[in-house]
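Coordinate analysis (summary)
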Amino acid sequence: MIILEFHNRIVENTVREQVMSGGADIVDVTCADFDGVTFHVSSDPAAPGFLLVSISTRCFYALQEYGVNERLRAIYGELMQAEPESSYDATLRIDLAKAPKAPGFFRKIAMLKRHVLAAPLLDTFEKIEKKTAKPDLLEIRYRDDEAFYLKPEGDRCVMIFSIHFRDMDDVIFSKVFLQAYADERKNIRGSPAVSFSQKEPPLELQGLVQASEEQGYVQFVLFPDHLHPQRRQNTVNLMLTFRNHLMYHLKCTKAAIAHSMRERVKAIIVILNRAKQSFPGDAKEKKKFGGKTFVRK
């Protein structure tokens, strides 16, 4: 099983090349990430020697309620621009002459998307720790037809993913995939409880969302151990990549099954060709030395 990276590899490599070269080349890179996120890495046209890294996401306005701007300033400090680049939600401005040439710095810039989407989770986990969390359901619609929900329940937190399945085969594979999660939970101490429902939303969402054949719901129950300050960041990383982790493995499973079916068909064709019989009266095709063919009648 593969755990997807939490950072954007294109952003990391572009920033590394620019910092190591001192901005010798002018760059203008636009790349997409999971969850409808768009990055823009470009040389600052107003100031040579500076690099701009901007991000755009569908739910940034909703994330402001959970202090996303304050959290980004706490992480990136003076790199965070007061006014983002046009058509983007947040922008980092890097002085290439002063930027540290360290792998940790490049990875920190590439984790921008993670830090943006982590705001509501960290806000909820911190309130649960301080025992000030209200039992209200929080909705973050981070994709056009999908969302994740957070609901504090005492010292634990329920996180629900609403996943839109465009192919009904994915529903079957998802049940098998998530059943493996449930089975492994018996052998792994302290793992979160997980459940999957198709069409019918869980109790926490009934009356808030409409049932749909193409909509599935995955529910995690995060216990106090998962919300502990020492494990909190890892919990956020795994939760934010779960939906993409699931869809990635569904596609890999379907590709493996299709490959196995093709190999099986090839083996059957070989067996059938070996079973063909020739009769003395059949016309035989022969080839001359030059490659031309003729049929003896």
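Rules used in this analysis
- Residues numbered from 1 in each chain as written.
- Predicted model: local features only at pLDDT ≥ 70, side-chain atom pairs only at ≥ 80, totals over all residues.
- Heavy atoms only, no water.
- Buried < 20%, exposed > 50% of the residue type's maximum accessible area, 1.4 Å probe, protein only.
- Helix = DSSP H or I, 4+ residues; strand = E, 2+ residues; numbered from the N terminus.
- Pairing = 2+ DSSP bridges.
- 1 Å grid on protein atoms, 1.4 Å probe; cavity = no way out; pocket = protein on both sides within 12 Å on 5 of 7 lines; lining within 4 Å.
- Points joined across faces, edges and corners; volume = space filled by probe spheres on them.
- Nonpolar A, V, L, I, M, F, W, Y, C, P; charged D, E, K, R; others polar.
- Axes fitted to C-alpha atoms, helices over the stretch in contact; angles between N-to-C directions.
- Contact = heavy atoms within 4.5 Å.
- Phe/Tyr/Trp six-rings, centres within 6.5 Å; stacked < 30°, edge-to-face > 60°.
- Lys NZ or Arg CZ within 6 Å of the ring centre and 35° of its normal.
- Core = buried A, V, L, I, M, F, W, Y, C linked by side-chain atoms within 4.5 Å.

Most of strand E3 (residues 50-56) is tucked away: 6 of the 7 residues are buried. As consecutive antiparallel partners, strand E2 (residues 37-43) and E3 are separated by 6 residues, and within that stretch Gly-49 has a phi angle of approximately 95°, a positive value. Two elements, E3 and strand E4 (residues 90-95), share 6 bridges in a ladder whose sense is antiparallel. Among the inter-strand pairings, Ile-55 is bridged to a residue of E4, identified as Ala-90.

Moving on to empty space enclosed by the protein. Tallied over the full model, the rule gives 1 cavity of 30 Å³ or more. Computed from the structure, the largest cavity encloses a volume of approximately 50 Å³. Forming the boundary of the largest cavity are Asp-35, Leu-117, Tyr-142, Phe-148, Phe-161, Met-239, Leu-240, Arg-243 and Asn-244. Put simply, the parts of the chain that give the lining of the largest cavity at least two residues each are helix H9 (229-240) and helix H10 (242-274). In terms of residue class, the lining of the largest cavity is made up of 6 nonpolar, 1 polar and 2 charged.

A few words on the layout of surface pockets. In this structure, the largest pocket occupies an estimated 680 Å³ of space. What lines the largest pocket is a set of 25 residues, among which Tyr-181, Ser-191, Pro-192, Leu-238 and Met-239 lie closest to the centre. Elements with a contribution of two residues or more to the lining of the largest pocket: helix H7 (168-185), strand E9 (215-222), helix H8 (224-227), H9 and H10. The dominant element in the lining of the largest pocket, judged by the number of residues it contributes, is H9, at 5 residues. Among the residues making up the lining of the largest pocket, the classes are represented as 13 nonpolar, 7 polar and 5 charged. Computed from the structure, the second largest pocket encloses a volume of approximately 290 Å³. The wall of the second largest pocket is formed by 18 residues, among which Glu-5, Phe-6, His-7, Asp-33 and Phe-34 lie closest to the centre. If you tally residues by element for the lining of the second largest pocket, the top one is helix H5 (residues 112-117), at 3 residues. Class assignment of the residues belonging to the lining of the second largest pocket gives a composition of 7 nonpolar, 5 polar and 6 charged.

Here the focus is the sheet that holds strand E6 (residues 146-153). As summarised here, the arrangement of the 5 strands in space is E5-E6-E7-E9-E8, forming an open sheet in which the pairing is antiparallel. Two strands close off the open sheet at either side, each with one partner strand: strand E5 (138-143) and strand E8 (193-198). The sheet shows a mean angle of 15° between the axes of neighbouring strands, direction not considered. Pairing analysis gives 4 bridges linking E5 to E6, with the strands arranged antiparallel. Bridged to Arg-143 within E6 is Glu-146. Against the sheet, H10 contacts E5, E6, strand E7 (156-164) and E9, and its axis sits at roughly 45° relative to E7.

Here we take up the pairing of E6. With respect to burial, E6 is a largely interior element, 7 of its 8 residues being buried. In sequence, E5 turns back onto E6 through a hairpin of 2 residues. As judged from the 7 bridges shared by E6 and E7, these two strands associate in the antiparallel manner. Note that in E7 the partner of Lys-151 across the bridge is Val-158. Here E6 folds back onto E7, and the loop between the two strands holds 2 residues, one of which, Gly-154, carries a positive phi near 70°.

Under the defined criterion, the tally for this structure stands at 7 aromatic pairs. Plain terms: the ring middles of Phe-161 and Phe-220 are 6.3 Å apart, the flat faces sit at 85° to each other, and that makes the pair edge-to-face. With Phe-161 in strand E7 and Phe-220 in strand E9, this pair connects stretches of sequence that are 59 residues apart. The same class applies to Phe-161 and to Phe-220, which are both buried. Both rings, one in Phe-220 and one in Phe-242, keep their centres 4.8 Å apart while their planes meet at 85°; by these two values the pair is edge-to-face. Note that Phe-220 is positioned in strand E9 and Phe-242 in helix H10, a separation of 22 residues in sequence. Like Phe-242, Phe-220 is buried. Linked through ring pairs, Tyr-142, Phe-148, Phe-161, Phe-220 and Phe-242 together constitute an aromatic cluster. Stacked on the ring of Phe-50, the Lys or Arg Arg-93 has its end atom at 3.9 Å from the ring centre.

The next thing to look at is the nonpolar core. Judged by nonpolar contacts, the single largest core of 64 residues is most densely connected at Ile-94, Ile-109 and Phe-161. With residues up to four places along the chain from it excluded, the contact list for Ile-94 reads Val-15, Gly-49, Phe-50, Leu-51, Val-53, Leu-79, Ala-99, Phe-105 and Ile-109. In this structure, Ala-147, Val-158, Leu-205 and Val-221 belong to the second largest nonpolar core, which totals 7 residues.

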